[in-house]
Amino acid sequence: MDNRDRAAANEVLPVSNEAGAGLPGAGLPGASLPAIAGFDHLLGQHSREALLLAIGADPLPGAPGTPGLPAEREAALFGELHLLAPVGCLLLDAGTTILQVNLVGAGQLGIDRASAQRYRLRGFIAQRFLADFDAFIERARTSAQPLRQQLQLQPTRGEAGVPVTLVASGDGVHLRVTLESAEGRLAALEKSEERFRRIVQSAREGIWELDAAARTTFVNPRLADMLGYRIEDMLDRPLVSFMDAEGRSILERNIARRQQGMPERREFKFIRRDGSELWAHLATSPLLDAQGGYLGALALVSDITQHKEAADLAWHQANFDALTGLPNRNMFQERLRHEMRKARRDGSYLALLFIDLDQFKQINDTFGHAQGDALLIEATRRIGGCMRASDTLARIGGDEFVAILPGLAAMPDAERVAQDVIAVLNRPFDLSGQQGLISGSVGIALYPSDAADAEELLRHADQAMYAAKNGGRNRYSYFTPDMQAAAQQRLRLASELRRAAAQQEFELYYQPIINLQSGGIERAEALLRWHHPERGLLNPGDFIAGAESAGVLQDIGAWAFRQAADQVLAWQRELGRPFQISINRSPAELRGDNHGWRAYLDSLQLPPRSIVVDVPEDLLGEADGAALEQLRQLRAMGLQVALDDFGTGHSALAQLKQFDIDYLKIDRSFVAGLTGDSGDLALCEAIIVLAHKLGLEVVAEGVENDAQLALLRAAGCDYAQGYGIARPAPAGQLLALARSGVRPALTADGGVGMNAGARAGAGAVANPLPQ
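Anyway, here's the lowdown on the structure attached to this text.

Rules behind the numbers
- Residues numbered from 1 in each chain as written.
- Predicted model: local features only at pLDDT ≥ 70, side-chain atom pairs only at ≥ 80, totals over all residues.
- Heavy atoms only, no water.
- Salt bridge = Lys/Arg side-chain N within 4 Å of Asp/Glu carboxyl O.
- Helix = DSSP H or I, 4+ residues; strand = E, 2+ residues; numbered from the N terminus.
- Polar contact = N/O pair within 3.5 Å; in protein donor to acceptor, adjacent residues only side chain to side chain.
- Contact = heavy atoms within 4.5 Å.
- Buried < 20%, exposed > 50% of the residue type's maximum accessible area, 1.4 Å probe, protein only.
- Pairing = 2+ DSSP bridges.
- Axes fitted to C-alpha atoms, helices over the stretch in contact; angles between N-to-C directions.
- Parallel < 35°, antiparallel > 145°, perpendicular 65-115°, else oblique.
- Left-handed = near helix turned anticlockwise from the far one by under 90°.
- Nonpolar A, V, L, I, M, F, W, Y, C, P; charged D, E, K, R; others polar.
- Phe/Tyr/Trp six-rings, centres within 6.5 Å; stacked < 30°, edge-to-face > 60°.
- Right-handed = clockwise from strand over helix to strand, strands pointing away.

1. Some thoughts on the pattern of salt bridges
Inference 1: Taken as a whole and assessed by the stated rule, the structure comprises 29 salt bridges.
Inference 2: If you follow the salt bridges from partner to partner, you end up with Arg-230, Glu-232, Asp-233 and Arg-273 in one network.

The structure is reproduced here in structure tokens:
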């Protein structure tokens, strides 16, 4: 065999049973399509030569005795290569007993393929040709090259013989034999090719052949019609070009299986030429060379779009509410169990809200069921607007909804959702020009504290909802009494804070900040105080968390900013010199908008650098960057930024440089331990040197005595504040202290402290309130 012949023989591609389903020979052992070659060879100009080589012109790929192939694989390869060959193909043992025979060969001999091993080929040779047959077999038994012999078959004794040509070769153990009829191999091959061409062209299923790089090498008309392309437009295009992202991902995960020689059945979504979707079932078989190397794949493609759409519709109807489109009870229970497993794995918790519409029966009775349905649809939209993307809202009854809130950061988060739901349900509903009024009762149960499984959690949320109804409706209730009491306390605080904001019960106190080099009061920190009508003067620690939970923190912060801006402008005019006020902003405030800060500053024409915004150190580590963007906006307004409580968080040097910080405020915990040989002094000195290297100024907080002032001044600290200098006081007292010109004086030992007169004056104007 020359190189050209060997190359053609190596192109013979075995295909598994699955690819041939529905075609002649399908379902028989070894049945396949195209069985002896890829479609490019069946339909192309080299098919005749390759097929002749495959059916006996040379030793066959995968024939018994092929090195490195197990016996069962050898037999499978023989069946795959020869089952549908257009000439008779037989595998014989040394005594000419038939081990395997293909369809044409069984027909030529008039035997059943399943019982072929009962026969010897010699028994089918006409009597007068037996000597020639025996001599031919003896020569072919050890011949690596095919030998030819003309003789006659006589399947039934007494009948006339049928002239045939035997082509045989052997390895000393087995004989490979083909039986050519009198019409010749070429005519038989052409007849076979025509038969296969008709099958391929008229098949009701799509046929798709791909090379090793998953590029299209052949499609039949049916497949091209499925996808809306011309055949020539699909050739040489990669399979993934007909898929969406999901299909490409599935294909990438499964291509290794085909390369390992494993057939597959899978559903894929393809994109037709017009952009519509085609759901198809692919029965895919690998195409391998004689050594088992991967050459590509052959797929039988069935259009299951209608079936898929019907199945999707059935699934949707089984899992979603027909009126609102929300998950129904079945889907809700599945998602709840999933979220509970995730919460258990992550060590987090979730809240389950059971929502019932109050007075809904009256809506149905008054306006009719059609308007009742319209109200349910609108209620769904409103409640859904209160949810995050990760939450699940479901309808499990006529006017009953449930919401799964996973991964909550704090308990008040569930309360805020419940409050929002109650608020949106309180708004009137437009029912064909008339107003429908309802309210909502919400029960809250938490996992894992309130229940161990999904059924129990739902039952407890239901009980909490009925507690809300019995309490007067239009409210929410926790499952446990303790949680409900805490929630009621938060509700009272929220109500009081809203009243305080409306009635101006808040006031700013100011703590002086001195320049450690000059001793002068150049700055002050604004500190919020609440004059509670019953509890007296409250510090921020007593109410800020409640203000955030109640949703009034932004409003209070905006009021404090305007007050501070007004105050610093007034002080600058009174003192006739620059003065600066620092105000605290929490991350929650920074994530919101600035409530018109820029416009207010512009209206005051406040000089730049008049206000410093103090932010916590941990803010620099936030991943989303929203708060940091707010800092950039504040600096664009002419404000400065101070990093508060420095040393207690996790900021990195690169972050300090990146985010344009103006001041570092050393946390009071370091200042409190300052002595001449303390580790805290070394830390303070390191922070000061670091800040100055980065072009920042340093403020020391919590200074209590002259010794701390002396050490800070010696270390090069720029500013200081604390009770040792002055306590927070109302605006008028701070102005008197700043106007008096009182400044700390150097003590005899070189430290900085207030002289007796200054200390007495400070005591007279400073209200000893906790910081």
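Here the narrative resumes.
2. With respect to the side chain of Asp-358
Inference 1: Residue placement: Asp-358 occurs in strand E11 (residues 350-358).
Inference 2: Only 2.7 Å separates the side chain of Asp-358 from the side chain of Ser-439, close enough to count as a polar contact.
Inference 3: Contacts of Asp-358, omitting those with residues within four sequence positions, involve Ile-438, Ser-439, Gly-440, Ser-441, Lys-469, Arg-473 and Asn-474.

3. With respect to the pairing of strand E23 (residues 640-646)
Inference 1: In terms of burial, E23 is largely enclosed, as 6 of its 7 residues are buried.
Inference 2: Pairing of E23 with strand E24 (residues 663-666) involves 3 bridges; the strand directions are parallel. Bridging from a neighbouring strand, Ala-642 pairs with Tyr-663 of E24.

4. Let's talk about unusual backbone geometry
Inference 1: A cis amide bond links Tyr-447 to the next residue, Pro-448, at an omega of 15°.
Inference 2: Here Pro-448 shows up in the loop between strand E16 (439-447) and helix H16 (454-470).
Inference 3: With a phi angle near 55°, Asn-474 is a residue other than glycine that sits in the positive phi range.
Inference 4: As for its position among the elements, Asn-474 is in the loop between H16 and strand E17 (476-478).
Inference 5: With phi around 55°, Gln-605 is a residue other than glycine that occupies positive phi space.

5. Here we look at the sheet that holds E11
Inference 1: Taken together, 5 strands build an open sheet; the order of strands is E12-E13-E11-E16-E17 and the sheet is mixed. On the outer flanks of this sheet lie strand E12 (392-395) and E17, each paired with one strand and no other. In this sheet, adjacent strand axes meet at a mean angle of 20° when their direction is disregarded.
Inference 2: As paired elements, E11 and strand E13 (residues 400-405) share 6 bridges and run antiparallel to each other. Bridge pairing links Ala-351 to Leu-405 in E13.
Inference 3: H16 contacts E11, E13, E16 and E17 of the sheet and is inclined by roughly 140° relative to E16.

6. Focus on the packing of helix H19 (residues 553-575) against helix H21 (residues 597-604)
Inference 1: Direction vectors running N to C along H19 and H21 enclose 20°, while the axes themselves pass 11 Å from each other. What the angle tells us is that H19 and H21 run roughly parallel. Seen along the crossing, H19 lies across H21 with a hand that is right-handed. Packed against H19, whose contacting residues are Gly-557, Ala-558, Phe-561, Arg-562, Ala-565, Asp-566 and Leu-569, the element H21 presents Trp-597, Tyr-600, Leu-601 and Leu-604 at the interface.
Inference 2: Taken together, the residues of the contact of H19 with H21 break down into 8 nonpolar, 1 polar and 2 charged.

7. Some remarks on the packing of aromatic side chains
Inference 1: Evaluation of the coordinates by the stated rule reveals 15 aromatic pairs.
Inference 2: Centroid distance Trp-208 to Phe-242: 5.5 Å. Interplanar angle 75°. Geometry classified as edge-to-face. Of the two residues, Trp-208 sits in strand E6 (residues 206-211) while Phe-242 sits in the loop between helix H9 (231-234) and helix H10 (245-259), which places them 34 residues apart along the sequence.
Inference 3: Clustering of aromatic rings is evident, with ring pairs tying together Trp-208, Tyr-229, Phe-242, Phe-268 and Phe-270.

8. A closer look at the packing of helix H13 (residues 360-367) against helix H14 (residues 369-384)
Describing two packed helices takes the angle between their axes plus the distance from one axis to the other.
Inference 1: For the pair H13 and H14, interaxial distance at closest approach is 7 Å and the crossing angle is 140°. Taken together, the axis directions place H13 and H14 in an arrangement best described as oblique. Along its contact with H13, which presents Phe-360, Ile-363, Asn-364 and Phe-367, the element H14 presents His-369, Gln-371, Gly-372, Leu-375 and Leu-376.
Inference 2: Looking at the contact of H13 with H14 residue by residue, the class counts come to 5 nonpolar, 4 polar and no charged.

9. Let's talk about the pairing of strand E25 (residues 697-700)
Inference 1: Across 4 bridges, the pairing between E24 and E25 is parallel. Within E25, the position partnered with Ile-666 by the bridge is Ala-700.
Inference 2: Relative to strand E26 (residues 719-720), E25 runs parallel, the two sharing 2 bridges. The residue of E26 that forms the bridge with Ala-700 is Ala-720.
Inference 3: With helix H26 (residues 706-714) bridging E25 and the parallel E26, this β-α-β connection has right-handed handedness.

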